[in-house]
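The primary structure of each chain is shown beneath.
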Amino acid sequence: MSYIAPDEKGFFGEFGGSFVSETLIRALDELKIAYAQAKNDPAFWAEFNHDLALYVGRPSPIYYAERLSQHLGGAKIYLKREDLNHSGAHKINNTIGQALLAKRMGKKRVIAETGAGQHGVASATVAARFGMQCTVFMGADDIVRQAPNVYRMKLLGAKVVAVDSGSRTLKDAMNEALREWVACVDDTFYIIGTAAGPAPYPELVRDFQCVIGNECKTQMVELVGRQPDVAVACVGGGSNAIGLFHPYIDEQSVRLVGVEAGGLGVETLDKHAAPISSNSPVGVLHGFKSYLMQDENGQVSATHSVSAGLDYPGVGPEHAHLHKIGRVAYTAVNDDEALSAFHDLCRFEGIIPALESSHALAWAIQNAPKMDKEQIILVNLSGRGDKDINTVAKLSGIELG
Ligand SMILES: *Cc1c(COP(=O)(O)O)cnc(C)c1O
C-alpha cells in the first residue's frame, strides 16, 4: 500500500480527521488556510530555520555511542541529540513553528495543554520570545507532581491554569484547552504539543518536527556514508517519532521502530500507555480518530508510565496509519527496562537521557547484540533527563533535598 497522507479532510487512511464542534470547525478552517499559505511561503521557512539555528541551536549533532555499543557487542548505536536543544527536548521545534504561524495570523495570545510540563515550558518559552501572552492548562494532579516545571512556566511569564475535572491530568488539560479555544478563537492560537488533535494539527506538527529526520539523512551520509539500518524513537502522541520517521518513509532499506510506554506490562488493563502494542480499538478523543485505550464501555482508560511525557491513551493518526500499512513496527518497553537504559546511558556515555527517550534507547540496547557489528541503529534521543532525576531518585529509594 503506498503512502499518501493526509487527504483533504485530514485523514491518514482511516485515522485522523476533525471531530469537533461547529465553532472549532471555523477555527480549524482558518488555521488550515493560514498554514497552507505559510507552507508555500519561503519567507516563513526562512524565519523558522533562522530561529532553529540561532535560538534552538540546530542542527543537533548525531553522536556515536561507542562505549555503549562496544559493551553490547553488536550493532553500532548512534544518537540524534535532540536533548541538546534549547529547553531540553524536541518540543521547541514545534512550538517555534506554531508561534510563527500565530504571529502570521495576527494572534496576540497562545494557549497550550501540558502533562509533565515540557510542552507548557516550550510554549511559554516561545511566547516570551515572540512577545505573546501565554496560558497553559495543566491537570491539578500534574501541577503538584511537576512543581519545578510549573515554576519555570511562571518565570517565563505564562499563566498556569489548574484543571480539576476528570483524572486531573493531561487528557483533561487538553479538553479544557479545546474548550477555552472555542471561547476565544478570535485572538487566541492553540499550540498543540504533539502530532495529534484535529486536522490540520497532526500534519503541521509533523512538518515542523521533520527537521529531525531531514537533518539525520544528511548527517548520516556525512558521518558514515549511508543511512542507518534501523531508526528508532519513543512514541507518546508521536511527534518526535514522526519527525524522525516521515523523511525515511520512502527509504525502504531503513527499518522504522516506534516504542510505546509498556508501563508495568501491555498485558495489564490500564498500567501502560501503549495503545498500538496492546491492540486497542479505534476511537475518537481530542478531535481525532485513532487507536485508543478504552474499557469495555468505550470509556477512555487510565494510563500509566514512568515517563510522564508518554502517558497518553491515544496515538497520533499518522502512526496508526503507518502501523496499519506495516511501514513502521510498533512495540513497547516497560518501566524497568527504560530505567535500566537510563542508567546505562549515564554510565557509559555521560549523557542523562529523558525517561521518554530511554524507552527508545532500551529497544536499541536489547536489539543491538542480536545484530551484526557493521549494522547501525539510530536512536532519537528526544530530550534530556534533568527533569527526571527526582523520579529516578525516588524509584531508587533516595529522597532529594
Ligand atoms: C513530550 C516528550 C515525548 C513524547 O511526545 P511525542 O509527541 O511522542 O514525541 C518524548 N520525549 C520527550 C523528551 C518529551 O518531552
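Preceding block: the structure.
Numbers given for residues are sequential positions, taken from 1 along each chain in its written order. Confidence filtering applies because this is a predicted model: local features only for residues at pLDDT of at least 70, side-chain atom pairs given and counted only at 80 or more, and all residues used for totals across whole chains, interfaces and linings. Only hydrogens and water are set aside; all other atoms, that is, all heavy atoms of the structure, feed into the side-chain values.

Draft legend 1. Inspection of unusual backbone geometry at higher detail. A cis amide bond links arginine 58 with the next residue in sequence, proline 59, at an omega value of 0°. Helix and strand assignments come from DSSP, with helices taken as H or I runs of at least 4 residues and strands as E runs of at least 2, each series counted from the N terminus. Mapped onto the secondary structure, proline 59 falls in the loop between α2 (42–56) and β3 (62–64). In the segment running from alanine 199 into proline 200, the intervening peptide bond is cis, with an omega of 10°. With respect to the element layout, proline 200 can be found in the loop between β8 (188–191) and α9 (201–209). In the Ramachandran plot, arginine 168 falls in the positive-phi region, its phi being about 55° despite a non-glycine side chain. Relative to the helices and strands, arginine 168 is located in the loop between β7 (159–163) and α8 (170–183). Between buried and exposed lies partly exposed: a residue is buried under 20% and exposed over 50% of the maximum accessible area for its type, with that area taken using a 1.4 Å probe on protein chains only. On the accessibility criterion, arginine 168 (30% relative accessible area) is partly exposed. Phi is positive for histidine 286, close to 55°, though the residue is something other than glycine.

Draft legend 2. Fine view of the packing of aromatic side chains. Here is the rule: rings of Phe, Tyr and Trp (six-membered ring for Trp) pair when centre to centre is within 6.5 Å. Planes less than 30 degrees apart are stacked, more than 60 are edge-to-face, and the remainder are tilted. Evaluation of the coordinates by the stated rule reveals 12 aromatic pairs. A ring pair is formed by phenylalanine 48 and phenylalanine 208, whose centres lie 5.3 Å apart and whose planes are at 45°; its orientation type is tilted. With a gap of 160 residues between them, phenylalanine 48 in helix α2 and phenylalanine 208 in helix α9 connect regions that are remote in the sequence. Exposure class is identical for phenylalanine 48 and phenylalanine 208. Each is buried. Centroid distance tryptophan 181 to tyrosine 190: 5.9 Å. Interplanar angle 65°. Geometry classified as edge-to-face. In this structure tyrosine 190 comes out as buried when scored by relative accessible area, which is 0%. These aromatic residues form a ring-pair network of at least three members: Tyr35, Phe44, Trp45, Phe48 and Phe208. Any Lys NZ or Arg CZ that is within 6 Å of a ring centre and within 35 degrees of that ring's normal is treated as a charge sitting over the ring. Its end group placed over the ring of phenylalanine 130, arginine 129 keeps NZ or CZ at 4.5 Å from the ring centre. One residue, lysine 217, lies across the ring of tyrosine 248, its end atom 5.8 Å from the ring centre.

Draft legend 3. How the structure looks around a nonpolar patch on the surface. Residues Ile352, Ile389, Ile398 and Leu400 make up a contiguous nonpolar surface patch of about 330 Å² in total accessible area. Tracing the backbone through its elements, the reader meets isoleucine 398 in the segment after α15 (389–395). Relative accessible area serves as the criterion here: at 47%, isoleucine 398 is assigned to the partly exposed category. Residues forming no salt bridge and having over 30% relative accessible area are the ones grouped into patches, like charges within 9 Å of each other and nonpolar side chains (Val, Leu, Ile, Met, Phe, Trp, Tyr) within 5 Å. To be clear on the numbers: accessible area is Shrake-Rupley with a 1.4 Å probe, and residue cover counts the displayed protein chains and nothing else. Should a side-chain nitrogen of Lys or Arg be within 4 Å of a carboxyl oxygen of Asp or Glu, the pair is scored as a salt bridge.

Draft legend 4. Main features of the site of the ligand. Neighbouring residues are identified by heavy atoms, a residue being near a molecule or strand if any of them is within 4 Å of it. Among the 18 residues in the neighbourhood of the ligand, the closest are listed as Lys91, Thr194, Ser239, Asn240 and Ser382. One of the side-chain N or O atoms of serine 239 is found 2.7 Å from an oxygen atom in the ligand. Lys, Arg, Asp and Glu make up the charged group, whereas Ala, Val, Leu, Ile, Met, Phe, Trp, Tyr, Cys and Pro make up the nonpolar group; the residues left over, Gly among them, are polar. Across the shell around the ligand, the residue classes tally to five nonpolar, 11 polar and two charged. Side-chain atoms alone can form a polar contact between residues adjacent in sequence; in general such a contact is a pair of N or O atoms within 3.5 Å, and within protein one must be able to donate a hydrogen while the other accepts it.

Draft legend 5. Representation of the sheet that holds strand β14 (residues 376–381). The strand order across the open sheet formed by six strands is β3-β4-β14-β9-β10-β13, and the pairing between neighbours is mixed. Because the sheet does not close on itself, it has two edges, and the strands there are β3 and β13 (328–334). Strand after strand, the sheet turns through a mean of 25° between neighbouring axes, direction not considered. Strand pairing is defined by DSSP finding a minimum of two bridges between the two strands. Alignment of β3 against strand β4 (residues 76–81), held across three bridges, turns out to be antiparallel. Orientation is described by axes fitted as lines to C-alpha atoms, over the contacting stretch for helices, and by angles from 0 to 180 degrees between their N-to-C directions.

Draft legend 6. Spatial organisation of the pattern of salt bridges. A complete count under the given rule lists 24 salt bridges for this structure. In this structure, the salt-bridge partner of arginine 81 is aspartate 83, at a minimum N-O distance of 2.8 Å. Across the salt bridge formed by aspartate 164 and arginine 168, the nearest N and O atoms sit 2.5 Å from each other. Taken together, the salt bridges that share partners define one network made up of Lys39, Glu203, Arg206, Asp207 and Glu318.

Purely spatial values, then, with no claim about function.
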